[in-house]
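Summary of the model geometry
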Amino acid sequence: MSGSKPGLAKHYLRYSTANLLVMMAGLVSFPLLTRLLDNTQYGILGYYETWVLMAVAVAKLGAQHSIQRFYPHGGDAERMRSFATNLFYLPMVGSLALWAFVGAVVIVHGQVTGEGHSPVFWMALVMTPMLVYSSLVETVLRVTEQSRTVMLTRVAWRWLQLALMLGAVLAVQHTAAAAYGGKLLAVVIGMVFYFGWARRNLQFARSTMDAAEFRQSFAYGLPLVATEILGVALVSVDRIMLKNLSGDFAVVGIYSVGAALAMQVHMFMNLTVFESFTPAANRVFTTDGAAAVRALKRTMLVPMTYAAIGVAILLWTLGTDLIIALSGAGKAQSGPVFEWMGAMNAVLPVMLVCGFGLVLERRTKTVLALMCLAVGVNTALNAWWIPLYGVMGAAYATLVSSTVSSIAACLLVAPSLRQFPDRRTLVTVAVAAIAALLGHWLTTRLSLRPGWQRMFFGGLLIGMPYLLVLLALDGRLRSMLYPKLRAVERRVGEGAVG
């Protein structure tokens, strides 16, 4: 499975394309589901989705992290069978055992107390092991740098999920249960594909079972299991505490609308970067050392910083208009949530790249401690700010806690791996941001209708000055963009001639 691999740029292009198409599916489903489901039903959907994310994070037992860190690049057939047996199949067996135990406890508890659960709960329970299996297979695909397969399967799965969820809601009932039924069917279909791929490429062999290898994997992955659980808790505790403090699913729905759209920003800005960057950074660190990782960061941080700040400004100034355009004026209450959380998700990848390196140093306990810090700060601020500011209190808490943990990671990583954007990049982006904010000031002086009109003209007045200032002040950016533009121009010319 190793073979010849495309370069980092090709992986980034594929992952960004996949995430863009997945995000487009989200932008199609988002306005439709928010219109078809009221705030209460949408809140139920978001509430149980939170618990599914938590369950999957626990049930993977850290296997995805060990697969990524200990994959035997260049190993022979025997070594590959050992890897598949000890780092893929044995953790999956443990995951199934844990799932069966939890399911049995839930059933017995229901029989004893007489308390039932909603259909959404049972569908979420059935879905969990299938999501775990699919996630582990996709991790193998990513670590073997099969980005084309990851791109195609991810996009196909997401659009299938969109079609089945919307079809169920339209054909059966406008409820969260119908939507979840469509999602469950999509998960079953996707899992069948992954199962077929694993049978061909991941061979189990009892003779290769190695307790020492399994223990090493578990010892490495266990702190990252807790980290992932806490990561899910970080994005989930807001909904849970909103529900507990307000007692109203409608409030959760208002928050979930803004947070769900902000998650699309996270998917495109954050996941795309780290799906392509992390495997390359692991390989570079192993072969060339910390200095090469810092050089890789310096190259990435120039365009990343410019793109992140530009997107953050657009979302912070026009986020409510995007909510209105997609979901209607009835969901305008979710606009401020999206503005703050969307801007945060745009900037966060830059901070994470600056401080990336703790996992390379195998300081997984430090990573866990940072996530504990983030969840602790988030929970405390939610308890304080939700009663004061309502839905926005949860958004502010997420923003502060994520910022605190990201800054702490930058401070704790070894200086040999720490890399911030250079002074020229920071000065240039500051000047460009001022030009963009002047464009926003002009937008507020025009009589534009909220929604599509304000978003279109405001986007031009904010985005164009920002881009022009960057191009005027930084020749590095021009040297990156012009060859791409000339290549596109050549292709268009060849097509016209042909």
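First, a word on what this report is: a plain description of the structure on this page. (Residues numbered from 1 in each chain as written. Predicted model: local features only at pLDDT ≥ 70, side-chain atom pairs only at ≥ 80, totals over all residues. Heavy atoms only, no water.)

Let us look at helix 12 (residues 364-389). If you check helix 12, its first and last C-alpha atoms are 35 Å apart, about what 26 residues at 1.5 Å a residue would give, namely 38 Å. Remark: the principal bend of helix 12, roughly 35°, maps to Asn382. Turning to helix 12, its buried residues are Thr364, Val367, Leu370, Ala374, Val375, Asn378, Leu381, Asn382, Trp385 and Ile386. One or two steps after helix 12, the chain reaches Gly390, where phi turns positive at roughly 70°. (Helix = DSSP H or I, 4+ residues; strand = E, 2+ residues; numbered from the N terminus. Expected span 1.5 Å × (residues − 1). Bend = angle between axes of the 7 residues up to and from the residue. Buried < 20%, exposed > 50% of the residue type's maximum accessible area, 1.4 Å probe, protein only.)

Per the counting criterion, the structure on display carries 0 disulfides. Residue Cys372 stays outside any disulfide, its sulfur separated by 19 Å from that of Cys410, the closest cysteine. In this structure Cys372 comes out as partly exposed when scored by relative accessible area, which is 40%. Considering cysteine sulfurs only, Cys354 is the nearest to Cys410, which forms no disulfide, with 5.3 Å between them. (Disulfide = S-S within 2.5 Å.)

So, on to the packing of aromatic side chains. Going through the model one piece at a time under the given rule, you end up with 13 aromatic pairs. Geometrically, the ring pair formed by Trp316 and Trp340 is edge-to-face, given 6.4 Å between the ring centres and 75° between the ring planes. Here Trp316, found in helix 10 (residues 290-327), pairs with Trp340, found in helix 11 (residues 335-354); they are 24 residues apart in sequence, far enough to count as distant. Using a relative accessible area of 42% as the deciding quantity, one classes Trp316 as partly exposed. Put simply, the rings of Trp316, Trp340, Trp384, Trp385, Tyr389 and Tyr396 pair up and form one aromatic cluster. (Phe/Tyr/Trp six-rings, centres within 6.5 Å; stacked < 30°, edge-to-face > 60°.)

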